Amino acid sequence: MTAPLMLTAADSGAPGHDRLIAAAPGAHPVLSGAVRITGWKEVNAAKNLWAAPVPVSVRNSLQLYVNGVRAFRTRGRAPVVLTETRTGYLAATDAMAHWKNPSDIEFVYTGGNDLWSERSEGLGAWTQPECPVQSIVGRQITMAQPCWDNSTKRVMLPNGARTANLVGPMSVGKQPEYVENAYELLGTPGQWYLDRPEHLVYYVPRPGENLATADVEMPVLQTLVEGNGTAADPVQNIVIRGIQFSYATWLGPSGPNGFSEIQANYQVTGPDGYSRQALCHFVPNGACPFGAWTPAPGNLEFHYAHHLQFLNDDFVHLGAAGLSLGDGAQDDLVQGCLFADISGNGLDLGGVDQPLAAVAEFTSGNHIDDNLFRDVGAQYRGGIPIVVGYARDTVIAHNEIDHIPYAAISMGWGGWPDKIHQAGQANNSAGNVVRNNRIHDLMLVLADGGGIYTQGLTGPDLADGEKVTGNVVYDQFSSGHAIYTDNGSSMITIQGNVIFHTNMDNWGSRHHDYYGGQDGSDFDPLDVEGNYWQQGDENSSKKNVTVSGNHLIDALSQAPQSILENAGLQPPWKTALERRYARVMPQSAPEPPSRVAVAAGNGIAYVTFSPPVNNGGAAVSSYTVTASTGTTVHMSANQFNKFAYLRFPGLRNGEPVTFTVEAANANGTSEPSLPSCAVTPQQQAVQLPGAPAAVSAYPGDHGMVSIHFKAPMNEQRRGDYSPVTAYLVTAQPGDHKVILTGRNILTLPSTRHTTFNVISGLKPGTYTFAVQAVDEAGAGAATLTGPIVVH
């Protein structure tokens, strides 16, 4: 395609006579916004570096695909020490001033858990903002505006306690996670660089790729399909069926606004974005309504679209959000569709700029059913498969969502003012339902999210508020809440869900109620009943929150089979969607692991990392960790899933060392990750850890108890030398011992939160439980519970 397909009200069908845009029988049409790149020549044999001409008409692109596999723009750690200034950075040397095309370089700031040597550099643990460089002169790096001010000067409330946006911090971290899009960083297989002045693209092929025959696609169009209606004259009654939408880009992050993310790929934009945009009455001359930040666009984008149906379509290899059904979407259906390998959000429904639109014009009555979402957020890691702004009577049911870097489903907006004892943004949302979805292998990079995340007021009362029922959520890597009722989340019913193996809470949390003139003495109304989980909260009903009749489990199989079997894709979509995924997503080696974090010890190091989001269509079987000294240690994926770290011996004290990680599956081995920050092993006495804090126990049925605890009070002050890597729980009488390990154990000190796990196999009786933190020196002091009656 050389231009988007434009749809207006004039292209609409009529009730009972839909306009059809569909695949011919047996055909698999692809609407592509790319140009094919040919004419490759080797230009540096030592680096296996190849180059090919790009049409002069192509001014930029942020994606490249080789035989259907996403390649990554060049990236690397900052090559010199950077000191932040008012306008950018002062580099320790002028090395970067001699790089080609410095104004095409971008700095990326990844959030995620702050752990050991790896810091959370984003605008919150849930974000990955990025800003372009404007110029480099000598040692002075000047960052592009307004991205830099929007990412480092977010205005504070008058008391200085928090930002006026009430969402996250004032500034990105002091250092970028990595530098991206520089010619000088070429050398890693699977990475590419577009030299715009020379109209050449450079690429280092992966093993097995032959550029003489490879299908290399560079996306050029930013929009494939655009539908523009109005409240009075909507685009309506159109069925789009059986079509693949692929190879569109989004150039915004490389422009002056960059990508100053705030949450869910919404961004702060414009020259006064940091001081006025969406801040409403919280700042002088603030723009209203509160929270109306700029969304990332959709590669397919519709406004005021009624009775649209997307059936059995594939949204793959896309550079922005996949499909955006914006304000005024009504009675639309998205069913049997595949969303995979999408840079940002998968499907956006409704905006956040019209919270009080008339009900007749409100986003309402839409269904998102039986779709497969996988590897969404492939580039902008805060991307979420399903994002719903302000909406009514939405049904999100029977979707399969897996292998994603952050949260899975985001509902609602505008609840953050409860942080300063004020009501969240008033809105007309009501009647939304999230039911029978299967969500797993989530939050593989970023943190402080969940499987089903809700923000703000969801309805006038519990009867008309959001319903979260019958969902199965498991294997959450980074810290957060599997079902997350965040700021201002009110009028939500959470019933009959299965939640297992999460990092931090299965459900959280309560927030004080300031809606309708309330003074915060009570909580926002919530009803949490009949769920199957490991959290084990006691039954209670007070201050508008009911927690009752929930059940402890120690394995997914212990939940009712009726819930497990009913969650996720229904026949026949399950078989069809997995087959289509295999057709459009070629088998490959995994993408590299990321965020390698290291803690040094006496001649050893502890190494952890984020596993690949895109596993190449086959489960990761093993990891190889390589030190800058050249030595390697191997670890099976099962071991990593259990312990979440590797102990690397044989290091020399006093010598700095870095580490990279490769992942392997049945198709091959990934490229190495970015190197960790350097650490220096040293001979130092290792002390036993302190006693865990806030230890408690909650009994369930069938000999199970949920044990809760926080990290020892001294764990943060100990630094990253010989960290706590396990907890020992001992039940008395009987001296029943269980060792608890995993990612939630490693991230516990930085979250300053409570974690928990289930101890099972106990006989009926009265027990006390001792919990001890474990490090290289052994098990430390114990904290005991009171007597607990086990049934």
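Structure report, in brief. (Residues numbered from 1 in each chain as written. Predicted model: local features only at pLDDT ≥ 70, side-chain atom pairs only at ≥ 80, totals over all residues. Heavy atoms only, no water.)

Let's shift gears to the state of the cysteines. One covalent bond between the sulfur atoms of two cysteine residues makes up a disulfide. Within this structure, the stated rule accounts for two disulfides. Paired through a disulfide, Cys131 and Cys147 show a sulfur-sulfur distance of 2.0 Å. Between Cys131 and Cys147 the sulfur-sulfur dihedral comes to about -90°; the bridge is accordingly left-handed. One end of the pair, Cys131, is in strand S13 (residues 130–137); the other, Cys147, is in helix H1 (residues 147–152), and 16 residues separate them in sequence. Accessibility assignment for this pair places Cys131 and Cys147 in one class, buried. Covalent S-S linkage joins Cys280 and Cys288, the inter-sulfur distance amounting to 2.1 Å. Looking down the S-S bond of the Cys280 and Cys288 bridge, the torsion is 95°, so its handedness is right-handed. By sequence order of its bonded cysteines, the protein has the disulfide arrangement 1-2, 3-4. Sulfur of Cys677: no disulfide; nearest cysteine sulfur belongs to Cys131 and is 20 Å away. The exposure class of Cys677 is partly exposed, given its relative accessible area of 32%. (Disulfide = S-S within 2.5 Å. Helix = DSSP H or I, 4+ residues; strand = E, 2+ residues; numbered from the N terminus. Buried < 20%, exposed > 50% of the residue type's maximum accessible area, 1.4 Å probe, protein only.)

Overall, the coordinates contain 25 salt bridges when judged by the stated rule. Here Arg374 ties to Glu578 by a salt bridge, and the two come within 3.0 Å at their closest N and O atoms. Of this pair, Arg374 sits in strand S33 (residues 372–376) while Glu578 sits in helix H3 (residues 573–584), placing them 204 residues apart in sequence. What makes Glu578 partly exposed here is its relative accessible area of 29%. Between Asp735 and Lys737 there is a salt bridge, and its shortest N-O distance comes to 3.4 Å. Because the salt bridges share partners, they merge into one network encompassing Arg73, Arg75, Glu106 and Glu180. (Salt bridge = Lys/Arg side-chain N within 4 Å of Asp/Glu carboxyl O.)

The next point concerns the sheet that holds strand S25 (residues 298–303). The strand order across the open sheet built from ten strands is S1-S19-S25-S28-S31-S34-S37-S40-S43-S46, with neighbouring strands paired in parallel fashion. What marks the edges here is a single partner per strand, and that holds for strand S1 (5–8) and strand S46 (504–508). Ignoring strand direction, the axes of neighbouring strands in this sheet form an average angle of 15°. For strand S28 (residues 321–325) and strand S31 (residues 347–349), the ladder comprises three bridges, and the chain directions are parallel. Bridge pairing in S31 places Leu325 opposite Leu349. (Pairing = 2+ DSSP bridges. Axes fitted to C-alpha atoms, helices over the stretch in contact; angles between N-to-C directions.)

As for its placement among the helices and strands, Met491 is situated in the loop between strand S43 (480–485) and strand S44 (492–495). For Met491, a relative accessible area of 15% puts it in the buried group. Counting along the chain gives 57 residues from Met491 to Val434, while the straight-line C-alpha distance between them is 14 Å. Apart from the residues lying within four places of it in its own chain, the contact partners of Met491 are Leu457, Thr458, Gly459, Pro460, Asp461, Leu462, Gly465, Glu466 and Pro525. (Contact = heavy atoms within 4.5 Å.)

With antiparallel pairing, three strands are arranged side by side in an open sheet as S52-S53-S56. A single partner strand is all that each edge strand has here, and the edge strands are strand S52 (594–600) and strand S56 (646–648). The sheet shows a mean angle of 30° between the axes of neighbouring strands, direction not considered. The pairing of S52 with strand S53 (residues 605–610) spans five bridges and is classified as antiparallel. Directly across from Val598, in S53, lies its bridge partner Val607.

Relative to the helices and strands, Tyr721 is located in the loop between strand S60 (705–710) and strand S61 (726–732). Classification of Tyr721 by relative accessible area gives buried; the value is 11%. Each C-alpha atom of the pair Tyr721 and Thr624 lies 23 Å from the other, and the pair is 97 residues apart in sequence. Setting aside residues up to four positions removed in sequence, Tyr721 forms contacts with Ala600, Gly601, Asn602, Gln682, Gln683, Gln684, Ala685 and Val686.

What follows concerns the packing of aromatic side chains. What the rule picks out here adds up to 30 aromatic pairs. Centre to centre, the rings of Trp250 and Phe259 are 5.9 Å apart; their planes meet at 90°, and the pair counts as edge-to-face. Like Phe259, Trp250 is buried. For the pair Phe259 and Tyr380, a centre-to-centre distance of 5.1 Å together with 50° between the ring planes defines the contact as tilted. Of this pair, Phe259 sits in the loop between strand S21 (244–246) and strand S22 (261–263) while Tyr380 sits in the loop between S33 and strand S34 (386–388), placing them 121 residues apart in sequence. Tyr380 matches Phe259 in its accessibility class, with the two residues each being buried. Here a set of aromatic residues connected by ring pairs shows up, and it is made of Phe245, Phe302, Phe310, Phe315, Phe339 and Phe373. One cation-aromatic arrangement involves Lys100 over Tyr183; the distance from NZ or CZ to the ring centre is 4.8 Å. (Phe/Tyr/Trp six-rings, centres within 6.5 Å; stacked < 30°, edge-to-face > 60°. Lys NZ or Arg CZ within 6 Å of the ring centre and 35° of its normal.)

The next subject is unusual backbone geometry. For the bond from Gln145 to Pro146, the omega torsion is 10°, close enough to zero to count as cis. Relative to the helices and strands, Pro146 resides in the loop between strand S14 (140–143) and H1. Here the amide bond leading from Gly508 into Ser509 is cis, since omega sits at 10°, within 30 degrees of zero. Structurally, Ser509 can be placed in the loop between S46 and strand S47 (526–529). The phi torsion at Asp331 lies on the positive side, around 60°, for a residue other than glycine. If you trace the backbone, Asp331 turns up in the loop between S28 and strand S29 (333–335). At His403, a residue that is not glycine, the phi angle is positive and equals roughly 55°. Following the sequence through the fold, His403 ends up in the loop between strand S36 (400–402) and strand S37 (409–411). Among the residues examined, His403 registers a relative accessible area of 17% and is labelled buried.

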